[in-house]
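# Commentary on secondary and tertiary structure
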Number of protein chains: 2
Amino acid sequence: MKPISGKIVERLARYRTFLTEQAPGHRTHLFSHEIAAAMRTADSQVRRDLMAIGTQGVPRHGYEVEALMEKLDLALSLDRTHAVAVVGAGHLGRALISFLEASRSTLCIKAAFDTDPAKCNRVHAGVKCHPMDSLEAVIAREAITLAILCVPAAAAQGAADQLVHAGVKGILNFAPVALRVPVNVALEEIVITTYLEKLAYFTTHPSKERRNGRHEER
Amino acid sequence: MKPISGKIVERLARYRTFLTEQAPGHRTHLFSHEIAAAMRTADSQVRRDLMAIGTQGVPRHGYEVEALMEKLDLALSLDRTHAVAVVGAGHLGRALISFLEASRSTLCIKAAFDTDPAKCNRVHAGVKCHPMDSLEAVIAREAITLAILCVPAAAAQGAADQLVHAGVKGILNFAPVALRVPVNVALEEIVITTYLEKLAYFTTHPSKERRNGRHEER
DNA sequence: TAGATTGTTAATCGATTAACAATC
DNA sequence: TAGATTGTTAATCGATTAACAATC
């Protein structure tokens, strides 16, 4: 399969969410323009993306939902499970644990970590919290490859270094800091204030005609 | 000031985070290449963005941090406060309240809302939780323009409709649903599983040479 | 068959990077 | 002055959209 850009992967993940949202068995097929409408993109965009993962549709019938779902899972490597760690078991960390445990099974949270001894060795939503010193051992034992970082900004780089050293391959960072990680470790950043600031900008500058991110039309 | 694209606004917000991160008074000036290094972009990108908001640097001295900060605040309209509501006072909602109240003051959380009567009329981190029926009244009273949506997927569209009807101008949606809102309401989506799925993809497809989102190099 | 939709290529659009003269 | 950095334009790159022949 050809290399797929980050943008495409992101859209594929969103198509997947949209498909799971549909009442199962409600529709056996969907048209590219239906998916496009929900995603606020062009139908040709959808067809192009689906082409990239080798999906075939049928003119006048659209794409078979079940087959499409399978292709998406395969492309996103969601056919196997991924062991995830949550670092920082404060409000946000625990919220994410409950949230993810409720929704998804292929992304499986195997452990939480925190410096605070009061939080350690307790279980939240089925996930045990460990002290930071046992991070390397637990990550190896549970074969954890992904980590969600919800520690305070000041502690983020240190925690990231520990994670990288322990062999984690991808980090989702919630701390508002510009992290440094080696090239071979994937990094995604969700800085919530950035999104709010973006909203603040667009609500105070109601531009006549903007269409960028996926934050408007319709 | 010229219209600024969503991408640029996002980067401006990130520059701002980076500047606040710097020890105050530690450096009076910064070079474009220094900011660029922290953001993993090109220096010409930074200069171009700063030009867009009318910032002036001095050759061989760089940009004055304090002046730059002021320009950024002005451009992002962070010179005034924005009243924010959190809809859904579950784990995630409460985590976001604590998180934001701790960090930022121009984005000010004025109210929380929840359907669960057990959560209502209680105060979390200085923010009172109201029942959903009083949403319109409270939003009007507190002049709330932005909302963070942390309700379960099934309730998201309904809550969004209520918010729009109450006059909210921007929504940050955490529910994994494709929301429909009018064109004049700004919408940002943070679907956490999408980010994790993106990480899962890139960790299992360690492509020789990818450089998309801002999720790799260095 | 006629009509709608796919697969795919070509055209457009926007965003990023490179380059370099002006400047301190 | 020489050297480094800015402001800004031109070149490149990638992503999105439009268009349309092939197909059911």
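Residues numbered from 1 in each chain as written. Chains lettered and ligands numbered in written order. Predicted model: local features only at pLDDT ≥ 70, side-chain atom pairs only at ≥ 80, totals over all residues. Heavy atoms only, no water.

Frequently, the measure chosen for interface size is the accessible area removed from exposure when the parts meet. Each partner contributes to the interface: chain B provides 72 residues, whereas chain A provides 73 residues. Between chain B and chain A, the buried area comes to about 7,100 Å², and carbon and sulfur atoms account for 64% of it. Summed over the shared surface of chain B and chain A, the result is 9 salt bridges. Where Lys-198 of chain B meets Glu-10 of chain A, a salt bridge forms, and the shortest distance between an N and an O atom there is 2.8 Å. At the junction of chain B and chain A, the tally comes to 11 residue pairs in polar contact (both at pLDDT 80 or more). Every element with two or more residues in the side of chain B that touches chain A is listed here: helix 1 (6-21), helix 2 (32-39), helix 5 (91-103), strand 7 (146-149), strand 8 (170-173), strand 9 (186-189) and helix 8 (192-204) of chain B. Top contributing element to the side of chain B that touches chain A by residue count: helix 8 of chain B, with 13 residues. When its residues are assigned to classes, the side of chain B that touches chain A shows 37 nonpolar, 17 polar and 18 charged. (Contact = heavy atoms within 4.5 Å. Buried area = accessible area lost by both parts, 1.4 Å probe. Salt bridge = Lys/Arg side-chain N within 4 Å of Asp/Glu carboxyl O. Polar contact = N/O pair within 3.5 Å; in protein donor to acceptor, adjacent residues only side chain to side chain. Helix = DSSP H or I, 4+ residues; strand = E, 2+ residues; numbered from the N terminus. Nonpolar A, V, L, I, M, F, W, Y, C, P; charged D, E, K, R; others polar.)

Per-chain confidence: chain A averages 91 in pLDDT, with 94% of residues scoring 70 or above. Below pLDDT 50 for its whole length, residues 208-218 of chain A participates in 28 contacts with residues either more than four positions away or in separate chains. (pLDDT = per-residue confidence, 0-100.)

Feature annotation in UniProt assigns "domain: CoA-binding" (unreviewed entry) to the following positions: residues 77-178 of chain A. When the span residues 77-178 of chain A is considered, its composition is 33% helix and 28% strand, and the gap between its end C-alpha atoms is 28 Å. (UniProt positions renumbered as here; feature names shortened; annotations may be inferred.)

Let's shift gears to the protein's contact with DNA strand D. Ser-32, Arg-47, Gly-57, Arg-60 and Tyr-63 of chain B are the nearest of the 26 residues found near DNA strand D. Taking all atoms of DNA strand D within 4 Å of the protein, the share assigned to sugar and phosphate is 55%. One nitrogen or oxygen atom from the side chain of Ser-32 of chain B is found 2.6 Å from a phosphate oxygen belonging to DNA strand D. Between DNA strand D and Arg-47 of chain B there is a distance of 2.8 Å, counted from a base oxygen to a side-chain nitrogen or oxygen. At the level of elements, helix 1 (6-21) and helix 3 (43-52) of chain A together with helix 2 and helix 3 (43-52) of chain B are the ones that each hand at least two residues to the surface near DNA strand D. The dominant element in the surface near DNA strand D, judged by the number of residues it contributes, is helix 3 of chain A, at 4 residues. (Near = heavy atom within 4 Å.)

So, on to the pairing of strand 8 (residues 170-173) of chain A. All names here are of chain A. Every second residue of strand 8 is oriented toward a common face, with Gly-170 and Leu-172 on one face and Ile-171 and Asn-173 on the other, all of them buried. In the sheet, strand 7 (residues 146-149) pairs with strand 8 via 4 bridges, with the strands oriented parallel. Following the sheet pairing, Leu-146 is matched in strand 8 by Gly-170. Pairing geometry for strand 8 and strand 9 (residues 186-189), over 4 bridges, is parallel. Bridged to Asn-173 within strand 9 is Glu-189. (Buried < 20%, exposed > 50% of the residue type's maximum accessible area, 1.4 Å probe, protein only. Pairing = 2+ DSSP bridges.)

The next subject is the sheet that holds strand 8 of chain B. All names here are of chain B. Taken together, 7 strands build an open sheet; the order of strands is 5-6-4-3-7-8-9 and the sheet is mixed. On the outer flanks of this sheet lie strand 5 (123-124) and strand 9, each paired with one strand and no other. Examined bridge by bridge, strand 3 (residues 82-87) and strand 7 share 4 bridges and lie parallel to one another. Bridging from a neighbouring strand, Ala-85 pairs with Ala-147 of strand 7.

Moving on to the pattern of salt bridges. A side chain with one charge can pair with a side chain of the opposite charge if their charged atoms come near. One pass over the full model with this rule turns up 23 salt bridges over all chains. Between Glu-188 of chain B and Lys-198 of chain A there is a salt bridge, with its nearest N and O atoms 3.7 Å apart. Of this pair, Glu-188 of chain B sits in strand 9 while Lys-198 of chain A sits in helix 8 (residues 192-204), on two different chains.

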